[in-house]
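Per-entry structural report
Chain residues, written in single-letter form:
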Amino acid sequence: MKVTYNSGMKGGISLLRIRAAAAAVLLCVVAVLLSLGMIGRVDALQLQSRSLTVGDVTAGAVTRHTFKFSYRATGVPVGSLMFEYCKSPLIEVACEAPDGMNASSAVLTQQVGEGGYFVLTAQTNRIILTRAPSLPPTVNPSSYVFDNIQNPTGSVGTFYVRITTHGSTDATGNYIDFGSVVNSTTQGVQVSGEVPPYLKFCVGVVITGDCATAEGNLVDLGTLTTSQVSSGSSQMMVATNADFGLVIGMYGTTLTSGNNIIPALANPTVSAPGNAQFGINLRDNSNPDVGEDPNGEGIVAPAPKYNIPNRYAFESGDTVAVSDDATDTRKLTVSYIANIPPGQAPGVYTATLTYICTATF
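As a convention, each chain's residues are numbered from 1 in the sequence order in which they are written. Residue-level local features of this predicted model are given only where pLDDT is at least 70; pairs of side-chain atoms are given and counted only at 80 or more, and the full residue set underlies all totals for whole chains, interfaces and linings. Excluding hydrogens and water, the side-chain figures rest on all heavy atoms present in the structure.

Re the side chain of D147
Strands here are runs of E lasting at least two residues and helices are runs of H or I lasting at least four, both read from the DSSP assignment and numbered beginning at the N terminus. When you line up the elements, D147 lands in strand β8 (residues 142–150). The term polar contact refers here to a pair of N or O atoms within 3.5 Å; inside protein, the definition further demands a hydrogen-donor-capable atom paired with an acceptor-capable atom, and it admits residues adjacent in sequence only when both atoms are side-chain atoms. Here R64 takes part through its side chain, which lies 2.7 Å from a polar atom of the side chain of D147. If we ignore the near neighbours within four places in the chain, the residues touching D147 are T63, R64, S105, A106, V107 and T109. Residue contacts follow a heavy-atom distance rule, with two residues in contact if any of their heavy atoms lie within 4.5 Å.

Take a look at the structure:
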């Protein structure tokens, strides 16, 4: 385009039109630049390596929630963290609390990495941690452990937690970094079973295996003389799962024949042929050679009065063996001795003893 500068009207009009056109082009460029400035945006950085571990994933359980993530090196001091439980992970969507969610009693029990926080507020679906925003985060990875959080209850399934970092101390204003984590609750599976209480107890002259092998109910002491002790034995087997164990009691009479009796030993006493004696114990004895010590994996033990080798006693109603706790199978051997003095009336002397085992559940 050729422009002439003269005083003529035509040249002046041409110059005016060129300047107006140039101004229009300039305004258009400015408008484009302003438009670009309106749609351009610098987003906050996302927290890295994010995770949420739930101690008990049962819906409605009060449990531990552990958050782990790494801060981004933004160089901006962080004064607060916000953990917000929502039905959507998108920070652009208004947060709707999962049904039944309750974090109002949350307690910060551990923080590793970037620390110095304490709970500023704990609400139904929001926890805010605060600290003095003195330095930008530098320690990674970091983790934060909360106890006493109740999982969502109303709908079993997925829930999200939005995590944001803030320069303020109360999680207000723009966030610096952000990110979401996901977890899910499940319906608890209950597994139940019953262990019935049991008491196993049997008595026989001989028990070679379990209670099914118990045989005999007559202990024959033979012929009683003044010069030699007479002896014999029987056995008992016992087991129980009773919390407070068991007691075995002995009931009956000493040896009698009509109105004639052989007196029982009230206290543990050695065998003395030629004297009137009837007694028992639950130990392995050498005088006379009779009996066995308790055996088996159980913990039942003879009562003190009947737990002395070569000492015998008898009193109806006495406890002869006891366990203070549940016990595995235990076999006990009862030893009997009888001695008579000169002049003991002849006859067949018998004693009927009954052993009763009582378990305490």
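Things to note about the sheet that holds strand β15 (residues 246–252)
If you trace the four strands from one edge of the open sheet to the other, you get β21-β22-β15-β24, paired in antiparallel fashion. Looking along the sheet, the strands with just one partner apiece sit at the ends: β21 (301–302) and β24 (353–359). A strand pair is defined by DSSP finding two or more bridges across the two strands. Inspection of the sheet shows β15 paired to β24 by seven bridges, in the antiparallel sense. Across the sheet, residue G252 finds its bridge partner in β24, namely L353.

What about the layout of surface pockets?
Definitions used throughout: a 1 Å grid over protein atoms alone; a cavity as a set of points that fits a 1.4 Å probe which cannot get out; a pocket as an open set with protein on both sides within 12 Å along at least five of seven lines; a lining residue as one with an atom within 4 Å of a point. Grid points are joined across faces, edges and corners, and a volume is the space filled by probe spheres set on the points. Within this model, the largest pocket holds a volume of roughly 730 Å³. Together, 29 residues line the largest pocket, and V219, L255, Y349, T350 and A351 are the ones closest to its centre. For the lining of the largest pocket, the secondary structure elements donating two or more residues are β11 (199–204) and β24. The residue inventory of the lining of the largest pocket, partitioned by class, reads 18 nonpolar, ten polar and one charged. By the convention adopted, Pro, Cys, Tyr, Trp, Phe, Met, Ile, Leu, Val and Ala count as nonpolar, Lys, Arg, Asp and Glu as charged, and the other residues, Gly among them, as polar.

Remarks on the sheet that holds strand β1 (residues 45–46)
What holds strands together in a sheet is hydrogen bonding between their backbones, with the strands either parallel or antiparallel. Sheet architecture is open: six strands sit in the order β1-β10-β9-β4-β7-β6, paired in mixed fashion. Of all strands in the sheet, those with a lone pairing partner are β1 and β6 (118–122), marking the two edges. Sheet analysis places β6 next to strand β7 (residues 126–130), joined by four bridges and oriented antiparallel. Note that in β7 the partner of A122 across the bridge is I127.

Describing the nonpolar core
The nonpolar core is taken to be a set of buried Ala, Val, Leu, Ile, Met, Phe, Trp, Tyr and Cys residues, with the residues joined through side-chain atoms within 4.5 Å. The buried label applies to any residue whose accessible area, calculated with a 1.4 Å probe on protein chains only, is under 20% of its type's maximum; exposed applies above 50%, and partly exposed to all values in between. One finds I248, I280, L282, V320, Y336 and Y355 to be the most contacted residues of the largest nonpolar core, which totals 28 residues. If sequence neighbours within four positions are ignored, I248 has contacts with F201, M236, V238, D318, T319, V320, A321, L332, Y355, I356 and C357. Formed by 25 residues, the second largest nonpolar core is a distinct cluster that contains F69, L81, Y85 and A103.

So yeah, pure geometry; function would need other evidence.
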